Amino acid sequence: MDYSFAQWIGTRERQEDFGDVMQSGDGLVMIVCDGMGGHDAGDVASQTAVNAYLDMLGHASANSIPELMEMALRYANEAVRERFANLKAHGGTTLLSTYFSGGVLWWISVGDSPLYLWRQSRLIRLNADHSMRSEMEQLFSRGQVSYQQLVRQSHYLRSALTGQEIDEIDVTRVPYPLLPGDKLLVSSDGIEAWLENVRLRAPQKLGQLFSLPTSRIAQCIIDEVMDFAEPNQDNTTVIVAEPF
């Protein structure tokens, strides 16, 4: 699999995203964790979760890929609990991981880090969004919250790895078939403001970006996010992969 990886700190004081790509058995694993803003040491939470997750994938055995990914997720959640117990602090992170092998894809996610599929000139979100975005948009459409409340509270998470019980997990139970020409975009939610603007104002830009060699796409997306210059731009991490 051809892939590219890029990050940007945005307007934040520190980088709290952490991501990696690893060969596991006959598959390729991609993972992005986004440390929760407003909590203690989001960077510690995200790095702890990534390292624990990949460690479990590399050593555990299971009857299926989804079972293995769930084991790794819960191991990462426990690692976050232990790390912050030692620090006498509180923290958490999102987690999004994919596993590609034999022409099919599995994923597991907690939080709002998005997984997109570029297929036939369309960018399709594959995983669930565990933020308050959809609920806040419904309330806004009914006039029950202001636009300022919509913007501020849409990023609140309904589920995350905090060391406590995980409220919601999105995991594929059957393999998702991929086709020649498909490209995968694994990212943190820092991409979303730029992406919404592009979809609304310049949708042809996505076609231009995804027609580039895969080795260049991640950095080019980050360059676009930087040029967009969102005033409160979050940390942004992008992994783009071409399975075939």
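No experiment lies behind these values; they were computed from the predicted model shown. (Residues numbered from 1 in each chain as written. Predicted model: local features only at pLDDT ≥ 70, side-chain atom pairs only at ≥ 80, totals over all residues. Heavy atoms only, no water.)

1. Remarks on the environment of Arg 216
In step 1: You can see Arg 216 is positioned in helix 7 (residues 214-228).
In step 2: Here the alpha-carbon distance between Arg 216 and Ala 6, two residues 210 residues apart in the chain, equals 9.5 Å. (Helix = DSSP H or I, 4+ residues; strand = E, 2+ residues; numbered from the N terminus.)

2. Focus: the sheet that holds strand 1 (residues 2-8)
In step 1: Across the sheet, which stays open at both edges, the five strands sit in the order 1-11-10-6-7 with antiparallel pairing between neighbours. A strand with exactly one partner marks an edge of an open sheet, and here the two such strands are strand 1 and strand 7 (122-125). Strand-to-strand twist across the sheet, computed as the mean angle between neighbouring axes with direction ignored, equals 20°.
In step 2: In the sheet, strand 10 (residues 183-187) pairs with strand 11 (residues 236-242) via four bridges, with the strands oriented antiparallel. For Leu 184, the partnering residue across the bridge sits in strand 11 and is Ala 241.
In step 3: Together, strand 6 (115-119) and strand 7 form the strand contacts of helix 5 (residues 192-201), whose direction differs from that of strand 7 by roughly 140°.
In step 4: Lying on the sheet, helix 7 is in contact with strand 1, strand 10 and strand 11; it crosses strand 1 at an angle near 20°. (Pairing = 2+ DSSP bridges. Axes fitted to C-alpha atoms, helices over the stretch in contact; angles between N-to-C directions. Contact = heavy atoms within 4.5 Å.)

3. Here we look at the nonpolar core
The tendency in soluble globular proteins is for nonpolar side chains to be buried side by side.
In step 1: Core analysis: the largest hydrophobic core is formed by 32 residues, its most contacted members being Tyr 53, Leu 95 and Leu 161.
In step 2: At the level of elements, strand 3 (27-34), helix 1 (42-59), helix 2 (65-87), strand 4 (95-101) and strand 5 (104-110) are the ones that each hand at least two residues to this core.
In step 3: The contacts of Leu 95, once residues within four sequence positions are left out, are Ile 31, Val 32, Cys 33, Ala 49, Tyr 53, Leu 73, Ala 76, Ile 108, Ser 109, Val 110 and Leu 161.
In step 4: Judged by nonpolar contacts, the second largest core, of 20 residues, contains Leu 123, Val 198, Leu 209 and Phe 210. (Core = buried A, V, L, I, M, F, W, Y, C linked by side-chain atoms within 4.5 Å. Buried < 20%, exposed > 50% of the residue type's maximum accessible area, 1.4 Å probe, protein only.)

4. Regarding the packing of helix 1 against helix 2
In step 1: Interaxial distance between helix 1 and helix 2 falls to 8 Å at its minimum, and their mutual angle equals 140°. Classified by the angle their axes make, helix 1 and helix 2 are oblique. Where helix 1 crosses over helix 2, the two elements pack in a sense that is right-handed. Side by side, helix 1 and helix 2 meet where Val 44, Ala 45, Thr 48, Ala 49, Ala 52, Tyr 53, Asp 55, Met 56 and Leu 57 of the first sit next to Leu 68, Met 69, Met 71, Ala 72, Leu 73, Tyr 75, Ala 76, Ala 79, Val 80, Arg 83, Phe 84 and Leu 87 of the second.
In step 2: Split into classes, the residues belonging to the contact of helix 1 with helix 2 amount to 18 nonpolar, one polar and two charged. (Parallel < 35°, antiparallel > 145°, perpendicular 65-115°, else oblique. Left-handed = near helix turned anticlockwise from the far one by under 90°. Nonpolar A, V, L, I, M, F, W, Y, C, P; charged D, E, K, R; others polar.)

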